[in-house]
Amino acid sequence: MSKTIPPVNLKRQYETIAQELDTAVLEVLRSGHYIGGEVVTKFEQQFADYTGVSYSVSCNSGTDALYLALRALNIGEGDEVITSAFTFFATAEVISRVGAKPVFVDINSETFNLDVSQISAKITAKTKAIIPVHLFGLAVKMDSLMELAQKHNLFVIEDCAQATGGEWQGKKVGSMGDIGCFSFFPTKNLGTCGDGGAITTKDHEIAAKIRILKEHGSKQRYHHEYIGINSRLDTIQAAILQVKLRYLDQWNNQRREVATRYHQLLNNLSYLTLPQGLKGAKHTWNQYSILVEDLKSGDYTFRDEIRTKLLEKGVISMIYYPIPLHLQEVYQNLGYHLGDFPVTEKVARQVLSLPMFPDLTLEEQEKVVYTLKDCLS
Ligand SMILES: *Cc1c(COP(=O)(O)O)cnc(C)c1O
């Protein structure tokens, strides 16, 4: 039996740059300086330059980045924030955590991103912001979204957690909205060896306020202007990220090659719909997510059957995400029902993410493909 193919292989990535990472981490360990410092400041500057904005503020996670963004824009009780019904829970969770109400929009069936043409109908006098999510690494159509936001005087917070390095019409994600929010969780395109996150912005005041909010609402020690949080990017993580940022474009290119090979190898198979990308977008392929046509009714789908069979044959696939946000238990009070967002609901039943990481070999990819073909026949 050959080895199981995992959805991601972080150990393999580490091995390709082990020496540089070891040196960077040891330097921090030996310095005796583990919180903040020049290593963190330097990474923030490098990340701002990479994204094409003036400011980047690091924090402890992508979730904190989103939370800090909402707080910096004074969004809270009585406000509404529009986002996709099909994303990781954190995107909506932070809206609730600041006391605002998440308002969901259905997705486009080809991009899996929120359908910009359906946003207008959701805007009310209470709407303060839109959070577009560049899901699986594919940028939202930001030009039309920004135009709409400007017309209605709404803030735009980009959830870039899965799309670090991605672009829309030549602009990096995180440089188009008022604030970009990034996650450095290990499986993201720029992942560290633990938790981490950052915001990006062109606005000096927003950056300054986020700096205060992430340090207990305090600019000057022991003087507190706001109720903030404690959210730091550890010095060790910043040192690791400085090394990895140098490889991000190369890794994203490798992901594009893997995606192209999947397209070629899986073309024209029955029951499958392949992810298409979008003209104008530079995809970062955090996930390669296919749809498996549903041949059954009820809770157990053909997708689930295929996933189980793949697993038995040593290929691990993932489901991002099985339950749309409007149908989550905790959001029953929002009054949504099954049937409200048909595209989201269909995709949640059919989506299946295949192994995808920069160092996936051709042999492994071929195994994924012939195993999948075998399961489908
Ligand atoms: C990973 C992710 C987050 C949260 O990032 P953490 O660093 O895990 O807190 C938010 N939104 C999306 C779309 C994500 O994929």
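All of the points below concern the structure found in this document. (Residues numbered from 1 in each chain as written. Predicted model: local features only at pLDDT ≥ 70, side-chain atom pairs only at ≥ 80, totals over all residues. Heavy atoms only, no water.)

### Some details on the pairing of strand β5 (residues 155-159)
Stated precisely, the cut-off is as follows: Burial status follows relative accessibility: with a 1.4 Å probe on protein chains alone, a residue under 20% of its type maximum counts as buried, one over 50% as exposed, and anything between as partly exposed. The helix count covers DSSP runs of H or I at least four residues long, the strand count covers runs of E at least two residues long, and both are numbered beginning at the N terminus. A strand pair is defined by DSSP finding two or more bridges across the two strands. Orienting the strands away from the viewer, one traces the path from the first strand over the helix to the second; a clockwise path indicates a right-handed crossover.
Of all five residues in β5, four are buried, a share of seventy percent or more. Examined bridge by bridge, strand β4 (residues 127-131) and β5 share two bridges and lie parallel to one another. Paired with Ala-129 across the bridge in β5 is Phe-155. With respect to chirality, the unit in which β4 leads through helix α6 (residues 142-151) into the neighbouring parallel β5 is right-handed. By the bridge criterion, three bridges tie β5 to strand β8 (residues 179-183) in an arrangement that is parallel. Among the inter-strand pairings, Asp-159 is bridged to a residue of β8, identified as Cys-181.

### Some thoughts on helix α11 (residues 342-350)
Side chains of residues three or four places apart in an α-helix project in the same direction, reflecting 3.6 residues per turn. The criterion, for reference: Residue contacts follow a heavy-atom distance rule, with two residues in contact if any of their heavy atoms lie within 4.5 Å.
Taken residue by residue, α11 has Thr-344, Glu-345, Val-347, Ala-348 and Gln-350 as its buried positions. Looking at the buried side of α11, the elements it contacts are β14 (288-292), α10 (302-312) and β15 (351-354).

### Looking at empty space enclosed by the protein
What counts here: Space inside and on the surface of the protein is sampled on a 1 Å grid over the protein atoms alone, with a cavity defined as a set of points where a 1.4 Å probe fits but cannot get out and a pocket as an open set with protein on both sides within 12 Å along at least 5 of 7 lines; lining residues have an atom within 4 Å of a point. Grid points are joined across faces, edges and corners, and a volume is the space filled by probe spheres set on the points. The residue classification treats Ala, Val, Leu, Ile, Met, Phe, Trp, Tyr, Cys and Pro as nonpolar and Asp, Glu, Lys and Arg as charged. All others, Gly included, are polar. An automatic or database domain assignment supplies the start and end points of every domain.
In total, this model carries three cavities of 30 Å³ or more according to the counting rule given. Quantified by volume, the largest cavity comes out at close to 100 Å³. Along the wall of the largest cavity there are 16 residues; nearest its centre are Leu-10, Gln-13, Pro-186, Arg-255 and Pro-358. When residues of the lining of the largest cavity are traced back to their parent elements, those giving at least two are α1 (10-16) and α9 (248-266). A breakdown of the residues in the lining of the largest cavity according to their chemical character gives seven nonpolar, five polar and four charged. For the lining of the largest cavity, the two domains that each supply at least three residues are domain 1 (10-245) and domain 2 (249-376). There is about 60 Å³ of room inside the second largest cavity. Contributing to the lining of the second largest cavity are 13 residues, with Thr-111, Phe-112, Leu-138, Pro-275 and His-283 lying nearest its centre. Partitioned by chemical class, the residues of the lining of the second largest cavity number six nonpolar, six polar and one charged.

### Quick word on α9
Going by this rule: A helix's residues, less one, multiplied by 1.5 Å, set its expected span.
Over its 19 residues, α9 extends 27 Å from the first C-alpha to the last, a length consistent with the 27 Å expected when each residue adds 1.5 Å. The complete set of buried residues in α9 reads Leu-248, Trp-251, Asn-252, Gln-254, Arg-255, Arg-256, Val-258, Ala-259, Tyr-262 and Leu-266. In the segment just after α9, Asn-268 is the residue with positive phi, at about 65°.

### Considerations on the nonpolar core
Heads up, the condition is: We define the nonpolar core as a collection of buried residues of types Ala, Val, Leu, Ile, Met, Phe, Trp, Tyr and Cys that are connected through side-chain atoms lying within 4.5 Å of one another.
Within the largest apolar cluster, 42 residues are counted, with the highest numbers of intra-cluster contacts made by Phe-43, Ile-119 and Leu-145. Broken down by secondary-structure element, the contributors of at least two residues to this core are α3 (38-51), β3 (101-105), α6 and α8 (235-245). It is α6 that provides the largest number of residues to this core, a total of five residues. Both domains that meet at this core, namely domain 1 (10-245) and domain 2 (249-376), each give it at least three residues. If near-sequence neighbours (up to four positions away) are discounted, Phe-43 is found in contact with Phe-184, Leu-190, Leu-233, Ala-238, Leu-241, Gln-242 and Leu-245. In this structure, Leu-274, Val-347, Met-356 and Val-368 belong to the second largest nonpolar core, which totals 37 residues.

### Examining the environment of Asn-108
The test is simple: Between N or O atoms, a polar contact is any pair within 3.5 Å; within protein, one atom must be a potential hydrogen donor and the other a potential acceptor, and residues adjacent in sequence are included only when both atoms are from side chains.
In this fold, Asn-108 is placed in the loop between β3 and β4. For Asn-108, the contacting residues outside a window of four places in its chain are Asn-113, Leu-114, Asp-115 and Val-343. Side-chain polar atoms of Asn-108 contact the backbone nitrogen of Thr-111, separated by 3.1 Å.

### What to know about the site of the ligand
Here is the rule: A molecule or strand has a residue near it when one of that residue's heavy atoms lies within 4 Å. Accessible surface area values rest on a Shrake-Rupley calculation with a 1.4 Å probe, where residue burial reflects the displayed protein chains alone.
Surveying the vicinity of the ligand reveals 14 residues, the closest of which are Gly-62, Thr-63, Gln-162, Ser-183 and Lys-188. Thr-63 has a polar side-chain atom sitting 2.5 Å from an oxygen atom of the ligand. Within the contact set of the ligand, an oxygen atom lies 2.8 Å away from a side-chain nitrogen or oxygen of Gln-162. Burial of the ligand by the protein amounts to 92% of the accessible area it has alone, namely 380 Å².

### Some words on the sheet that holds strand β13 (residues 281-282)
The pairing of strands in a sheet comes from backbone hydrogen bonds and takes either a parallel or an antiparallel form. Here three strands make up an open sheet; going across it, the order is β7-β6-β13 and the pairing antiparallel. Two strands in the sheet have a free side with no partner beyond their single neighbour: β7 (171-172) and β13. Direction of pairing for strand β6 (residues 167-168) relative to β13: antiparallel, over a ladder of two bridges. Within the sheet, the bridge partner assigned to Glu-167 lies in β13 and is Lys-282.

### What about the packing of aromatic side chains?
Working definition: an aromatic ring pair is given by the centre-to-centre distance plus the angle between the planes. In plain terms, the rule: Any two rings among Phe, Tyr and Trp, with Trp reduced to its six-membered ring, count as a pair given centres within 6.5 Å; such a pair is stacked if its planes are under 30 degrees apart, edge-to-face if over 60, and tilted if neither.
All told, the structure shown has 17 aromatic pairs when counted by the stated rule. Considering the side-chain rings of Phe-86 and Phe-136, the 6.4 Å spacing of their centres and the 85° angle between planes classify their relative orientation as edge-to-face. A residue pair is termed long-range when its members are at least 10 positions apart, and Phe-86 in the loop between β2 (80-84) and α5 (90-97) and Phe-136 in the loop between β4 and α6 qualify at 50 residues. Just as Phe-86 is buried, Phe-136 falls in that class too. Ring centres 6.2 Å apart and planes at 35° place the aromatic pair Phe-88 and Tyr-321 in the tilted group.

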